[in-house]
Structures are given as C-alpha cells and as structure tokens.
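Topology and contacts: notes
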Amino acid sequence: MPSNMELRRISATPSPATGVRTAPTVAKMIDTTTCIGCKACEVACQEWNDLFNADIALEAPSEFGSYQTMPDLTANFWNLIRFNEHVEKRPDGSEKFHWLMAKDQCMHCEDPGCLKACPAPGAIVQYTNGVVDFQQEHCIGCEYCVTGCPFDIPRLSKKTKKVYKCTLCTDRLAYGLEPACIKACPTGCLQFGTKEHLVQIANARVEQLKHNGYEKAAIYDPPGVGGTGVIYVLGLGDQPELYGLPNDPHVPWTVSVWKHALKPIGSLLMIGALLGTIIHYVRYGRNEAPGMRKVDREEV
Amino acid sequence: MAVSRREFLKISTAGGVGIVAFGFDLAPAYAVVRELKIERTTETRSICPYCAVSCGVIIHTLGDKSKNVTGTTVVHVEGDPDHPVNRGTLCPKGITLKHDIVNNTRLTKPMYRASGSDHWEEKSWDWMIDTIAQRMKKTRDDTFIEKNAAGQTVNQCPGMAIVGGCTDNNEVNYLLVKWLRSLGVLYTDNQARL
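Definitions and limits used
Residues numbered from 1 in each chain as written. Chains lettered and ligands numbered in written order. Predicted model: local features only at pLDDT ≥ 70, side-chain atom pairs only at ≥ 80, totals over all residues. Domains from an automatic or database assignment. Contact = placed C-beta atoms within 7 Å. Helix = DSSP H or I, 4+ residues; strand = E, 2+ residues; numbered from the N terminus. Nonpolar A, V, L, I, M, F, W, Y, C, P; charged D, E, K, R; others polar. Buried ≥ 20, exposed ≤ 12 C-beta atoms within 10 Å, placed from the backbone. Pairing = 2+ DSSP bridges. Axes fitted to C-alpha atoms, helices over the stretch in contact; angles between N-to-C directions.

Looking now at the domain arrangement of chain A. It is common to give the size of an interface as the accessible area lost on bringing the parts into contact. Residues and elements named next belong to chain A. Partitioning chain A into structural domains gives domain 1 (3–251) and domain 2 (252–300). Each of domain 1 and domain 2 was reduced to a C-alpha centroid, and the two centroids are 46 Å apart. With 6 residues of domain 1 at the interface, the matching set in domain 2 holds 4 residues. Counting residues per element, the ones that place at least two in the side of domain 1 that touches domain 2 are α3 (113–117) and α4 (144–148). Take the side of domain 1 that touches domain 2: its biggest share by element is 3 residues, from α3. Looking at side-chain class alone, the side of domain 1 that touches domain 2 contains 2 nonpolar, 3 polar and 1 charged residues.

What follows is the structure, encoded as structure tokens:
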C-alpha cells in the first residue's frame, strides 16, 4: 500500500492503526457560487468508479419535479448535485429565484461518525491523508454507519447487502492523482489540494464574495466533526440548511454513549457471566433435574 | 523424553487451538485500495467529437498494443491535462465518450442512402471515395463560373459548400482551405464556429 494510504483509524479495533508515515491531509473545495449544475462531476464519478448499470435507471424515477439527476444518493450513485430551490426576498419586496447548488457526497470528516459507530473490525478506515473509506469485504451490512453519519451519506446496496459511499477516489489518490469529479469540473468550482491550502483559497473567495455583495458568504468546515475533508464556500453562509447541510453537525450522542459507556459495560458483563458460569460449574457442578437417570455406556 | 503417539496428538491439538485462539490472525489485510485501472493501459490522445469547443481527451485502451492484443476495448476516457482548450476538464457529455466507442449501435462502416431512397446501404470505402470524387467533378463542371458578367476572371464553384468538423486541427484546416480554394469553392464553414 502506498504510504499516503496508510491507516490512521480502523473501526471496531482496539489496537492503534498501523500508519506511521505522515501524509498531507487532502481536501476538496466546493464553491457553490460558481457551480452551474452541469453534473460533469456526477458523470465523472460514475465513469471512473464503473457504476453505470441498469439499477440506476430503475432506481431513478423519470420525473420528480426537479432538475436533479436523482432524488437521493444510492449505493451506486455516490455524488449528487442537489438543485436546492430558494426564493430570495429582496428589500424592495420583489422575489428572486435561486438554485443553491450543493454537491452531496461523503464529507470525509476528521472525526468520522460512521467509523465510530461501525462494529465490524476494519470495515471503515481512515487513511493518514484524512480520507474515510469503506472496506466492503469486512462490512456486515448492519447500517450503524448510516445512524452514525451526521450528513446521511452511506447507502446499503440491496444486491450485496454492503454499504457504499464516495471513496474520494482512493485508487486515484494512492497513485498521486486527483479525484475524478475534481478533474472534470469545467468551471473550476471544484478544487483539490491539501486542506491547509484549500482553506486559504476558500477564505480568499469568501472575502471576494463579501466584497461583491454576498455579505453572508462563509466557509463551511464544521468543527462539530473535527472539520471535514470537503469544504464548501456558501453564498448564504449563515443558513447552510438551505443547501441541505446540517447547521452544526455532530456525531449522534447515541453513538458516543453506546461506544464509550454501554459497550465497555456490556463487555464487562459478558466476561463476568462467563467467569460466573465457570466458577459455578467448578464449585457446584452441573445441575441435575430430579428424576433424571444417569446413562452409562455399559448400560446401553 | 519419550512421547507416545497419543500424547503427540494431544500436544498438537492443544497447540493448534492455542495458536488460533491467541493471536494467529487469518483475516486479510485491513484496507485494500483498488488498483488504478488505467495504470498500464495504452493512452491515445484525441479530440472530443461532440461540440465545437474541441476538448482534448485521453482514451485508455486495455493492453500495450503488442501483436496479439486484438480484441481489446476502451476502459476509460478522461480529459487531457496538457490540452490548452480544456486542461483536463470535460463536460458531462464528453466524459461519457467511452460509451460512444464501446457501443453496439456505433457506426463502423460507410453507409449510403441514395437520393430518394428510404433505406441505408452498406458500401465500401473505395466505392464511397470514388462516388464522392465523381459527383464533385460533375457538380464542379456543371456549375463552374470562369468569368463574371463584367468579364472578369473569377473561377468560382458555387454549386458546393464544405463544412469542417471540431476535431480538425490547424494543419487539417489549412489543407482543407487550400484544397477547396483550388476547386473554386466559396462557401465554407466549420462546426467550431457554431
């Protein structure tokens, strides 16, 4: 495995991950103000990941009142441009219709809720470059990651009973290439680089937008999940929910309680029960029901 | 120390169970990154044939072009980062070029529909080129204007027009214009203008 793909975190594994080499944390930047909704990134994703198949045509209704390709993400459609419709109320009383384009895909959280919630060892990993990836060979299809994800991204495949999502093109990153969606984007609203540089670029763009009349422009890099590997520049940065993004995403408290409190208690109880059984057997022997006849080999 | 057969079997079994139970992990490696599917494919640089923008593309074909690689197929098409027009980007239609090439309905032979006919016929390239040449000669002979009404030499051929395509490069377009001017053709256009 290339050194930029060493592991930083592994799901449901008590021992630390094996990655010791450092790798730059990579990120995607999505400037929602320059997205024209051409969907080149969607097609690039489908093409690179070889996800073109008849299932998609079956899953997508032909009409659902939107220019969006699909109503929602699916197990074989990992990158969806959401055509969020918004009517701006202007101070003079007039109204103006806007599309608030948002690229919906895995956010590659620094503190991934899916990985925390996953009970299958090695089914969800985080590489040293920050990318969160699912290993379907180890996936047990329990969908706890769907519960753990604050952005509602992972999808269970009905066919394979495994969960799938955007991999940030790990196969391309491992060989030093950028993700397929980033390469395709004709307007340059998608950009790829190190997190450090992209945050600078995004902040510069926010300043430019504020200067151009978007007073509410802001960068979306939610601290509730430790920052994300996908950062947005939002024209209406004070209302990320208009773009379908949670205002202040956190790993659900149920996952934390379960993993940090209930799971150790459960493990202790199980070990206790086992020990108790052994001690009881040694001290008192097996339980014999009244009237039970001992059967010896000789008698048979 | 002498070990009987029975004792040997007991020790082996206990040892085996112990190894399996305490730390001999048969599970595969934790994370496997998918291999780069275009790592050793043959790269062919080309131009997207769809619109007038003429984006550069790289077509990835299975195999290294060696003698016995015959029934190969295109596995991926993506933007050419060295092409000055698109610098690696592509539109949603251009990205699907693989399906333009690997497609049952793709036209691979010259087809001819005669004037007034209701169906297409398959013809050879030789027949096509000969027929086109004959008709061009006939059209030029029929419509050629050597001198205009004022008696000036013009050498015009107004019976024909030529349209270039977006995949024609500078050199092709240069030759095309040279050739059509030598025929006297005045009406020219190119899809790249549209």
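Don't stop here, the text continues.
What follows concerns the interface of chain B and chain A. In this assembly, 19 residues from chain B lie in contact with 24 residues from chain A. By residue number, the principal contributor to the side of chain B that touches chain A is strand β3 (residues 74–79) of chain B, which donates 3 residues. Of the residues in the side of chain B that touches chain A, the class split is 9 nonpolar, 5 polar and 5 charged.

Residue and element names in this part refer to chain B. Locating asparagine 148 in the fold gives a position in the loop between β6 (145–147) and β7 (153–156). Looking at asparagine 148, the number of C-beta atoms within 10 Å reads 10, which means it is exposed. For the pair asparagine 148 and valine 177, spaced 29 residues apart in the sequence, the C-alpha separation amounts to 23 Å.

All names here are of chain A. For strand β2 (residues 26–31), a buried count of 6 out of 6 residues is recorded, marking the element as mostly surrounded by other parts of the structure. By the alternation rule, side chains of β2 split into Val26, Lys28 and Ile30 and Ala27, Met29 and Asp31, which are all buried. Direction of pairing for β2 relative to strand β9 (residues 190–194): antiparallel, over a ladder of 5 bridges. From the neighbouring strand, methionine 29 faces β9, where its bridge partner is glutamine 191. Relative to strand β11 (residues 230–234), β2 runs parallel, the two being bridged by 4 bridges. Residue pairing across strands places methionine 29 opposite isoleucine 231, the latter belonging to β11.

Moving on: the pairing of strand β5 (residues 124–127) of chain A. Residue and element names in this part refer to chain A. Across the two faces of β5 the burial is the same, with Ile124 and Gln126 and Val125 and Tyr127 all buried. Both β5 and strand β6 (residues 132–134) contribute to a ladder of 3 bridges, which runs antiparallel. In the sheet register, valine 125 faces β6, and the bridge partner there is aspartate 133. Counting the residues in the hairpin turn of β5 and β6 gives 4 residues, including glycine 130, whose phi is positive at 95 degrees.

Residue and element names in this part refer to chain A. Ordered in space as β9-β2-β11-β10, the 4 strands form an open sheet in which the pairing is mixed. Across the chains shown, the open sheet's two edge strands, defined by having one partner strand only, are β9 and β10 (218–220). Taking each pair of neighbouring strands and ignoring which way they run, the sheet shows an average axis angle of 25 degrees. Contacts between helix α7 (residues 195–211) and the sheet are confined to β2, β9, β10 and β11, with β9 contributing the most and set at about 135 degrees to the helix.

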